[in-house]
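Survey of secondary and tertiary structure
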Amino acid sequence: MGQKKDLTGSEKSKIVRYLAEGCSSLKIAKLLKRDHRTIKCFIQNSQQGRKKRVEKPRRKITAHELRKVKRAAAKMPLATSLAIFQSCNITGVPKSTRCAILRDMAKVRKAERRPPLNKTHKLKRQDWAKKYLKTDFSKVLWTDEMRVSLDGPDGWARGWIGKGQRAPVRLRRQQGGGGVLVWAGIIKDELVEPFRVEDGVKLNSQSYCQFLEDTFFKQWYRKKSASFKKNMIFMQDNAPSHASKYSTAWLARKGIKEEKLMTWPPCSPDLNPIENLWSIIKCEIYKEGKQYTSLNSVWEAVVAAARNVDGEQIKTLTESMDGRLLSVLAKKGGYIGR
């Protein structure tokens, strides 16, 4: 009989079964029509078990090299451990040791995403800060939209896994499985709903104004006193549906015009405190890598998370505006973070 190259998975399973039945290696070779040496070699290797791992002595790092690594890590944000050590001419250090050393002086983080700011943007941000520096921000209604998906943002499903446990399986669907568009506002220590934009509706000028009419104006604004309406300043960003001539004229007919409608600088989500509210809500609804199977379930999670945001948290956000304006001026219109 001819000698074949490798045993298939099926043949290996049969060998184990035949051995359990008390067959000899010679008999198994005849049953499988394989060379006796092949069968014998497989049985010997399987009985030997795994070879013990030989621990190699780790390379020792001097205090001088540690200082070099620390300086390199500061100069090379988001670089790999290998790149950092190579820049210091430190070789022969295994990855586990490199990571252990870096954990004492650095953290693994993602790059922050922010809108690009050119010179014109920075000048407009400075002008905006100067204009509203003496404003009573307790009278400003900060508004914005947020989209929440069923699967959640990428990279939110990280966490510690116990030894011997397998990481749970996460769904990965196109466009995050779909999502819900949410609108809300905050003023002083009060949260204005949130409201859900009807599924499938794309917010252009007309649909945006109709949405405000059906939700914000009918369900919240009309219940307020005349003095409140007189002093309230409405803030919205420069999204096309917000800043269009149609929307501006429509808001003017509602009495929100001139000084009652806040001008907004370009590329400035860091200046809107409601962005921090969205972060609070997203952290709550996606905690522990949670995902959702329907749009209604993720909307219910948003509503529940919003209810848990108390007035003190909102007040902290709205009262941060004076500090944000001073930071913009100090950074000459630069990005201030959130």
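Preceding block: the structure.
Residues numbered from 1 in each chain as written. Predicted model: local features only at pLDDT ≥ 70, side-chain atom pairs only at ≥ 80, totals over all residues. Heavy atoms only, no water.

1. Overview of helix α14 (residues 311–318)
- Of the positions making up α14, those classed as buried are Ile314, Leu317 and Thr318. Relative to the axis of α14, the buried residues are bounded by an arc of 95° and lie together on one face. In α14, the exposed residues that point more than 90 degrees away from the buried face are Glu312 and Thr316.
- Against β1 (140–149), β2 (179–187), β3 (190–196), α12 (274–285) and α15 (321–330) lie the buried residues of α14. (Buried < 20%, exposed > 50% of the residue type's maximum accessible area, 1.4 Å probe, protein only. Helix = DSSP H or I, 4+ residues; strand = E, 2+ residues; numbered from the N terminus. Arc of directions from axis to C-beta. Contact = heavy atoms within 4.5 Å.)

2. Here we look at a negative patch on the surface
- On the surface, a cluster of negative charge is contributed by Asp189, Asp310, Glu312, Glu319 and Asp322.
- Checked against the element boundaries, Asp189 lands in the loop between β2 and β3.
- Exposure remark for Asp189: the relative accessible area of 40% places this residue in the partly exposed category. (Patch = residues over 30% accessible without salt bridge, like charges linked within 9 Å, V, L, I, M, F, W, Y side chains within 5 Å. Areas by Shrake-Rupley, 256 points an atom, 1.4 Å probe, with all protein chains shown as cover. Salt bridge = Lys/Arg side-chain N within 4 Å of Asp/Glu carboxyl O. Lys, Arg positive; Asp, Glu negative; His and termini not counted. Charge placed at Lys NZ, Arg CZ, Asp CG, Glu CD.)

3. Section: the nonpolar core
- Counting residues in each nonpolar core, the largest one holds 39 residues, and the members touching the most others are Trp128, Trp142, Val148, Met262, Ile281 and Ile285.
- Of all the elements in the fold, those that place two or more residues in this core are α7 (119–131), β1, β2, β4 (233–235), α12, α13 (295–307), α14 and α15.
- Top element by residues in this core is α13. It accounts for 7 residues.
- The contact partners of Trp128, leaving out residues within four places of it in the chain, are Met262, Thr263, Trp264, Pro265, Leu271, Met321 and Leu325.
- Core analysis: the second largest hydrophobic core is formed by 22 residues, Leu181, Val192, Phe216 and Phe234 among them. (Core = buried A, V, L, I, M, F, W, Y, C linked by side-chain atoms within 4.5 Å.)

4. Considerations on the packing of aromatic side chains
- Counted according to the given criterion, the structure contains 15 aromatic pairs.
- Residues Phe217 and Trp250 carry aromatic rings whose centres are separated by 5.5 Å and whose planes lie at 75° to one another, so their mutual orientation is edge-to-face. Taken together, the positions of Phe217 in helix α8 (residues 205–219) and Trp250 in helix α11 (residues 245–253) put the pair 33 residues apart, joining distant regions of the chain.
- With a relative accessible area of 5%, Phe217 lands in the buried category.
- Members of the aromatic cluster, joined through ring pairs, are Trp183, Phe195, Phe211, Phe216, Phe217, Trp220, Tyr221, Phe228, Phe234 and Trp250.
- Taking NZ or CZ as reference, Lys224 lies 5.4 Å from the ring centre of Phe228, over its face.
- Its guanidinium or amino end placed over the ring of Phe217, Lys254 lies 5.1 Å from that ring's centre, counting from NZ or CZ. (Phe/Tyr/Trp six-rings, centres within 6.5 Å; stacked < 30°, edge-to-face > 60°. Lys NZ or Arg CZ within 6 Å of the ring centre and 35° of its normal.)

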